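What the coordinates show
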Amino acid sequence: EAQVTQNPRYLITVTGKKLTVTCSQNMNHEYMSWYRQDPGLGLRQIYYSMNVEVTDKGDVPEGYKVSRKEKRNFPLILESPSPNQTSLYFCASRRLAGDNTGELFFGEGSRLTVL
Amino acid sequence: AQSVTQLGSHVSVSEGALVLLRCNYSSSVPPYLFWYVQYPNQGLQLLLKYTSAATLVKGINGFEAEFKKSETSFHLTKPSAHMSDAAEYFCAVSEGQAGTALIFGKGTTLSVSS
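Presented here is an overview of the structure given in this document. (Residues numbered from 1 in each chain as written. Chains lettered and ligands numbered in written order. Predicted model: local features only at pLDDT ≥ 70, side-chain atom pairs only at ≥ 80, totals over all residues. Heavy atoms only, no water.)

So, about the packing of aromatic side chains. Residues and elements named next belong to chain B. For the coordinates displayed, the defined rule picks out 14 aromatic pairs over all chains. Between Phe 63 and Tyr 89, the ring centres sit 5.5 Å apart and the planes meet at 45 degrees, which makes this aromatic pair tilted. Placement of Phe 63 in the loop between β6 (56-58) and β7 (64-68) and of Tyr 89 in strand β9 (residues 87-94) is noted, with a sequence separation of 26 residues between them. Residue classification places Phe 63 among the buried positions, given a relative accessible area of 1%. (Phe/Tyr/Trp six-rings, centres within 6.5 Å; stacked < 30°, edge-to-face > 60°. Helix = DSSP H or I, 4+ residues; strand = E, 2+ residues; numbered from the N terminus. Buried < 20%, exposed > 50% of the residue type's maximum accessible area, 1.4 Å probe, protein only.)

Looking now at the side chain of Ser94(B). Locating Ser94(B) in the fold gives a position in strand β9. Residue Ser94(B) is classed as buried on the basis of its relative accessible area, which comes to 1%. Beyond its immediate sequence surroundings of up to four residues, Ser94(B) is in contact with Thr101(A), Gly102(A), Gln2(B), Pro31(B), Tyr32(B), Phe34(B), Ala101(B) and Leu102(B). (Contact = heavy atoms within 4.5 Å.)

The next thing to look at is the side chain of Ser87(A). Residues and elements named next belong to chain A. Relative to the helices and strands, Ser 87 resides in strand β9 (residues 87-94). Looking at Ser 87, its side chain comes within polar contact range of the main-chain oxygen of Gln 37, at 3.0 Å. Ser 87 has contacts with Arg 36, Gln 37, Asp 38, Ser 110, Arg 111 and Leu 112, leaving out every residue within four places of it along the chain. (Polar contact = N/O pair within 3.5 Å; in protein donor to acceptor, adjacent residues only side chain to side chain.)

The next thing to look at is the pairing of β9(B). Residues and elements named next belong to chain B. Of all the 8 residues making up β9, 7 are buried; the element is thus mostly covered by neighbouring parts of the structure. For strand β4 (residues 32-38) and β9, the ladder comprises 7 bridges, and the chain directions are antiparallel. Following the sheet pairing, Tyr 32 is matched in β9 by Ser 94. Two strands pair when backbone bridges link them, and β9 and strand β11 (residues 108-113) are joined in this way by 3 bridges, in the antiparallel orientation. Bridge assignment links Tyr 89 to a residue of β11, and that residue is Thr 108. Judged from the 2 bridges that link them, β9 and strand β10 (residues 103-104) form a sheet pairing that is antiparallel. Bridge pairing links Ala 92 to Phe 104 in β10. (Pairing = 2+ DSSP bridges.)

What follows is the structure in structure tokens.
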């Protein structure tokens, strides 16, 4: 089954404790992206990657890091989480070659609470 | 720069009534437009998409949307609401392959009462 898998789905942590949210897709998509969803703000892009070893900032990258060492994986790293990073996070992917619509496929989401 | 405006953060309808969720966009290039639905505690699922073919697009679960270039709109409709349609709906715009992001609206929560 074609899917985007995120882990963990739920996490409660404390300020300053480094954490990583993993994302993996099995569709051989070139493009991957992280969004955060906050009430009243919709989804905002954090980082994206057009291919292996190619990453770039989205609209709200502060406090986050990413890496793309393999095509299928795109982890989101919070080096020193703060309460304002409490949010619902979505990983998404899409094809680039042969697809000109930009349709994204989403993971189930990771709800993060930083105390 | 692209942007999306969804008019109305909350829409309430009765079961069987018409559903109309409004979306206006701005884009400097011919846009690709999407509606996604998010059920409680779930990810985003594609409802339908406009990719410059037919202006009236049919999606899943009886939803459809019409692309109106003159009005820069892409409103989502369903003739008869069902209780299971209660969810949050997001309109999004893309520049297609050239774009580096889907730009989302802030979402509209649809409530359906019996």
